[in-house]
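Fold and contact review
Listed below are the residues making up each chain.
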Amino acid sequence: MTKVNGISLSLVAAATFLNVANADSTDLGKVSVTATKTAITTSESPASVEIITSKEIENKQVQRADEALKDVAGVYVRSDADHAPNSWSNAVSLRGIPQYTRTAVLVDGVSINNAFSSGVNWSSIAVDDIEKIEVVKGPFSSLYGGNAMGGVINIIRKEPTKQEFNIKTGYGSNNYKNLELSYKDKLFDSLGISVNYGHKKSDGYISDLVIKTPSSGTGGVDVVGQQLTTDYKGAAKYIVGDKGEKSWTQNDIGLKLFYNINDNSKVTFDYNHHKDEAKYNDFNTYLSDGLGNPVYSGSVQLDETHKATLSEKDFLFGPNGETSDKFTINYTNTFNDSIDIDIKASYFDNNYWYVSQTTGAVSAGGSGTFTDVPSQKTFASAQLNFQLGDYNYITVGMDITKNELQKDINTLTNWRDYDSKTTLQRENNGESITKAFFIQDTIDITKDLIAYVGGRYDYWETEGDFKDYINDVYTTYEKRDDSYFSPKVSLVYLPTKSTTLRASWGKAFRAPSLSDLYSAYYSGAKLIQSSPGLAPEKVESWEIGFEQTFNTKTQLKATYYENVLSDMMYSTDVSSTLREKRNAGKAEIKGLEIEVKQAITDKINIFANYTYNNTEMIENDSYPDSVGKELTYVPKTQYNIGINGDYGLWNGSVIGSYVDDMYTKDDNSDIVKDVYGAYESYFIVNTKIGYKIRDYLSASLSINNLFDKEYFQSDMTPGRTIYGELSFKF
């Protein structure tokens with residue numbers, strides 16, 4: 001086994017750089033620090049690991065960090081198509097385990113899943129600051145605790161090695177503008193500094209349509225311009241307008257300090273600030289009366305026998321935004337070149353907000369509500385790695401995480417004026433604390449056979465309250481607790497230097513988020529009730545796989561896996577006015593990943609991968625009609641094929657990606673796919689080409705959706721988009 005401690009890792013990287021021309025994009029990828037929480041070669045890893053290097057990211061059109069994962073086997077990225085920031089609609093899931101809540105996302109080993117919903121704002125990560133992204137597939141609650149049901153994504157950022165000043169500026173479709181500044185320096189051989197600033201904005205595009213359900217009758221105003229369509233079940237609907245272009249803006253600031261106390265120990269301090277806001281511009285009605293006047297309210301005659309009632313509110317959607325501040329401090333030390341200690345602490349303050357219109361609101365103003373969702377995550381961990389005898393390498397540690405929520409809903413006299421708050425309608429407060437201990441033993445059974453045996457014990461407790469000042473309802477949810485042990489066992493056999501055979505079994509869990517437990521809200525007239533009695537959901541998983549590298553510079557990987565999820569948190573309608581979550585579901589996932597990569601030169605690679613997920617709900621007392629059906633938001637089939645690399649002064653990529661259609665309704669009743677609200681299958685080609693004009697100046701041109709494919713991913717997608725960029729490096 002090739003175990004790499006914190007000091008020797010840097011020596012390996014330095015030696016590789018001296019011997020291989022493309023070290024930054026090739027050989028760094030042979031070492032993973034995520035799968036075992038220690039540095040280890042990927043061929044010996046207990047799990048299938050995919051590493052995306054900074055060079056690969058540079059060669060692709062990546063404006064938001066999750067976009068770097070779209071062509072990775074076993075990964076499904078459901079995201080806004082115009083790089084817009086959002087912690088909810090930009091979701092990444094692994095191996096058919098749906099929803100972003102079941103994927104652990106880290107930056108430099110520290111979770112960035114927020115305290116409220118476990119969502120991730122991928123826009124808060126400076127893309128140009130990424131050294132590599134490690135995707136570790138399969139359940140890893142044995143090391144990382146909750147959220148790691150599908151796997152772990154760890155984004156590792158660059159450390160300064162010399163003085164650098166970078167400027168990137170670009171312009172693209174939908175009036176998209178991007179400016180990124182970064183400065184890195186290594187001072188006095190012991191102090192490093194990294195500073196970055198980013199500003200992005202876009203006018204957006206029309207994505208949200210206004211759909212009306214016709215009712216039988218006559219007597220409305222005769223109109224033209226309506227478009228007959230259907231819903232996902234095939235029922236007749238009419239498109240009568242859209243909500244306008246969704247514009248957005250974001251700003252980011254980052255500061256990271258590195259101080260080498262001596263040759264064996266280091267401390268880092270990291271601060272990141274992110275702020276974004278999105279809003280819809282002027283809406284469009286497609287209807288006009290006999291005189292050509294626009295119609296957006298009142299009763300209208302859609303056809304000879306059907307009519308509908310419109311209000312201006314139908315065409316409106318309130319603004320929303322998010323602000324976050326994250327502080328992290330990390331201390332590492334290596335004793336006698338054999339014992340590593342790693343201590344981390346972080347504080348993550350997140351504030352999401354949104355505005356809704358209420359009855360009678362119009363474009364110019366009117367009443368509404370302002371929902372403010374501040375949450376805080378405090379985290380601390382200590383980890384020790386050491387050799388025990390000749391055959392055992394131990395990783396042991398503990399951590400504690402505290403999540404807090406304070407959610408307020410206030411009346412607005414004017415939804416256009418955020419300062420017009422009056423009545424406090426409702427409050428939702430909650431907190432949870434998780435304390436954990438984990439241990440893993442890496443055992444060299446023989447020189448060719450490695451076993452990994454580990455487990456983690458989590459103790460979780462929570463409490464909260466709900467205050468409805470409108471209906472005079474006050475509820476306190478007393479403190480309660482739960483615990484779970486997550487084991488994992490892996491065997492890795494290396495019959496030759498170029499062959500890896502791998503098998504593993506493990507369990508994982510996810511405690512309910514504060515949103516699941518305490519965040520009640522209304523969707524129209526229906527109350528979406530929080531469920532403070534929810535228990536953690538669980539998964540048991542096993543997999544077998546192999547990796548083979550040929551002397552033709554060809555790499556082949558394949559993995560078969562099965563996941564059984566139980567106590568799934570599942571939303572169900574209790575009545576026509578009430579919906580709540582319950583631990584009601586049990587599901588099974590059987591999947592296959594196949595990957596092949598071929599090096600054409602030292603700097604050019606072609607690749608192809610295929611992912612298949614067969615999902616089935618096997619129990620659901622809450623909604624029996626879902627039993628035997630596929631899980632929602634999981635494409636059955638995905639594949640990618642592409643080329644990525646450098647040639648002389650040129651660099652770039654051409655990547656084609658296919659994603660199968662999928663269901664959004666638990667009974668799989670959404671069978672019509674090419675309509676608004678559906679997720680239909682698509683194959684698109686994205687390409688980027690760059691040229692190094694001078695040592696300090698590069699230019700690139702990117703085209704997403706090269707062939708202008710039209711398709712729905714619930715909303716309308718933007719079609720072909722083009723982006724040009726200049727990069728200055730000093």
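Below: a short report on this structure. (Residues numbered from 1 in each chain as written. Predicted model: local features only at pLDDT ≥ 70, side-chain atom pairs only at ≥ 80, totals over all residues. Heavy atoms only, no water.)

For the rest of this paragraph, the subject is the overall build of the chain. Within the chain, the secondary structure is distributed over 4 helices and 44 strands. Taken against the 2.2 N^0.38 rule, which gives 27 Å for 730 residues, the C-alpha radius of gyration of the chain at 26 Å falls within 12% of a compact globule. Once the C-alpha set of the chain is aligned to its principal axes, its extents read approximately 85 × 60 × 50 Å. Each of the 730 residues in the chain was classed as buried or not, and the buried ones make up 54%. Taking as baseline every contact in the chain between residues at least 6 positions apart, the subset at least 24 positions apart corresponds to 66%. For the chain, the computed accessible surface area is about 30500 Å², with 54% contributed by carbon and sulfur atoms. Each charge class in the chain can be summarised by its mean position, and for the 72 positive and 96 negative side chains these summaries are 2 Å apart. (Helix = DSSP H or I, 4+ residues; strand = E, 2+ residues; numbered from the N terminus. Rg over C-alpha atoms; globule rule 2.2 N^0.38 Å. Buried < 20%, exposed > 50% of the residue type's maximum accessible area, 1.4 Å probe, protein only. Contact = heavy atoms within 4.5 Å. Areas by Shrake-Rupley, 256 points an atom, 1.4 Å probe, with all protein chains shown as cover. Lys, Arg positive; Asp, Glu negative; His and termini not counted. Charge placed at Lys NZ, Arg CZ, Asp CG, Glu CD.)

Grouped together as the largest cluster of nonpolar side chains are 23 residues, with contacts concentrated most on Leu69, Trp122 and Ile133. Taken together, the elements giving at least two residues each to this core come down to strand E5 (75-78), strand E6 (91-94), strand E7 (103-107), strand E9 (130-137) and strand E10 (151-157). Looking at this core element by element, the count peaks at 3 residues for E9. Once residues lying within four places of it in the same chain are set aside, the contact partners of Leu69 are Ile52, Val75, Val77, Val92, Trp122, Ile133, Val135 and Ile153. Counting 19 residues, the second-largest nonpolar core is a separate cluster that includes Val210, Val223, Leu302 and Ala361. (Core = buried A, V, L, I, M, F, W, Y, C linked by side-chain atoms within 4.5 Å.)

Ordered in space as E4-E9-E10-E7-E8, the 5 strands form an open sheet in which the pairing is mixed. The sheet terminates laterally at strand E4 (49-53) and strand E8 (110-111), the two strands that pair on one side only. Here E7 pairs with E10 via 5 bridges, running parallel. Among the inter-strand pairings, Leu106 is bridged to a residue of E10, identified as Asn154. (Pairing = 2+ DSSP bridges.)

This paragraph deals with the packing of aromatic side chains. Scanning all chains against the criterion turns up 21 aromatic pairs. With a centroid separation of 5.4 Å and an interplanar angle of 40 degrees, the aromatic rings of Tyr484 and Phe509 are classed as tilted. Taken together, the positions of Tyr484 in strand E30 (residues 473-496) and Phe509 in strand E31 (residues 499-510) put the pair 25 residues apart, joining distant regions of the chain. Per residue, the accessibility class of Tyr484 equals that of Phe509, and both read buried. For the ring pair Tyr639 and Phe683, a centre distance of 6.2 Å and an interplane angle of 35 degrees mean the geometry is tilted. Taken as a pair, Tyr639 in strand E38 (residues 637-647) and Phe683 in strand E40 (residues 682-694) lie far apart in primary sequence, 44 residues in all. For Phe683, a relative accessible area of 37% corresponds to the partly exposed category. The ring centre of Tyr633 lies 4.5 Å from the NZ or CZ of Arg78, which sits over that ring. (Phe/Tyr/Trp six-rings, centres within 6.5 Å; stacked < 30°, edge-to-face > 60°. Lys NZ or Arg CZ within 6 Å of the ring centre and 35° of its normal.)

In total, this model carries 36 salt bridges according to the counting rule given. As a salt-bridge pair, Glu543 and Arg95 come within 2.6 Å of each other at their nearest N and O atoms. Remark: Arg95 occurs in the loop between E6 and E7 and Glu543 occurs in strand E34 (residues 537-550); sequence separation between them is 448 residues. The pair formed by Glu543 and Arg95 is uniform in burial state, with each residue classed as buried. Residues joined by salt bridges that share partners form a network here, namely Glu50, Arg95, Lys137, Glu543, Lys557, Glu593, Glu595 and Lys597. (Salt bridge = Lys/Arg side-chain N within 4 Å of Asp/Glu carboxyl O.)

Moving on, we come to the sheet that holds strand E22 (residues 298-301). Read from one edge of the open sheet, 4 strands run E15-E23-E22-E16, paired in mixed fashion. Each edge of the open sheet carries a strand with a single partner, namely strand E15 (215-216) and strand E16 (221-222). With 2 bridges joining them, E15 and strand E23 (residues 306-310) adopt antiparallel strand pairing. Within E23, the residue paired with Ser215 across the bridge is Lys307.

Phi is positive for His83, which is not a glycine, with a value near 70 degrees. Residue placement: His83 occurs in the loop between E5 and E6. A positive phi angle, close to 55 degrees, is found at Asn705, a residue other than glycine. Among the structural elements, Asn705 can be located in the loop between strand E41 (697-704) and strand E42 (712-713).

Before going further, it helps to spend a moment on the pairing of E10. Remark: a regular strand shows side chains that alternate across the two faces of the sheet. Extensive coverage of E10 is indicated by the burial of 7 of its 7 residues. Here E10 shows no split at all, with Gly151, Ile153, Ile155 and Arg157 on one side and Val152, Asn154 and Ile156 on the other all buried. Judged from the 7 bridges that link them, E9 and E10 form a sheet pairing that is antiparallel. The partner of Ile130 across the bridge, within E10, is Arg157.

Before going further, it helps to examine the side chain of Asn651. Here Asn651 lies in strand E39 (residues 650-659). We classify Asn651 as buried; its relative accessible area is 15%. A distance of 2.7 Å separates polar atoms of two side chains, one belonging to Asn651 and the other to Asn59. The contact partners of Asn651, leaving out residues within four places of it in the chain, are Glu58, Asn59, Gly645, Asp646, Lys688, Ile689, Gly690 and Tyr691. (Polar contact = N/O pair within 3.5 Å; in protein donor to acceptor, adjacent residues only side chain to side chain.)

This next bit is on the side chain of Ser194. With respect to the secondary-structure elements, Ser194 resides in strand E13 (residues 191-202). With residues up to four places along the chain from it excluded, the contact list for Ser194 reads Asp129, Tyr183, Lys184, Gly254, Leu255, Lys256 and Phe258.

This part is about a nonpolar patch on the surface. A surface patch of nonpolar side chains, about 850 Å² in accessible area, is lined by Tyr647, Leu649, Trp650, Ile689, Tyr691, Ile693, Leu701, Ile722 and Leu726. Put simply, the parts of the chain that give the nonpolar patch at least two residues each are E40 and strand E44 (721-729). Ranked by residue count, the leading element in the nonpolar patch is E40, at 3 residues. Given the relative accessible area of 44%, Leu649 is considered partly exposed. (Patch = residues over 30% accessible without salt bridge, like charges linked within 9 Å, V, L, I, M, F, W, Y side chains within 5 Å.)

Mapped onto the elements, Thr423 comes out in strand E28 (residues 421-444). For Thr423 and Ser498, which are 75 residues apart along the polypeptide, the C-alpha to C-alpha distance reads 67 Å. Setting aside residues no more than four positions away along its own chain, Thr423 makes contact with Ile409, Asn410, Thr411 and Ile470.

Summed over the entire model, instances satisfying the criterion amount to 10 cavities of 30 Å³ or more. Ala126, Val127, Glu180, Asn196 and Gly198 are, among the 18 residues lining the largest cavity, the residues nearest its centre. Those elements that place two or more of their residues in the lining of the largest cavity are strand E12 (176-187), E13 and strand E19 (246-260). In terms of residue class, the lining of the largest cavity is built from 5 nonpolar, 7 polar and 6 charged. (1 Å grid on protein atoms, 1.4 Å probe; cavity = no way out; pocket = protein on both sides within 12 Å on 5 of 7 lines; lining within 4 Å. Points joined across faces, edges and corners; volume = space filled by probe spheres on them. Nonpolar A, V, L, I, M, F, W, Y, C, P; charged D, E, K, R; others polar.)

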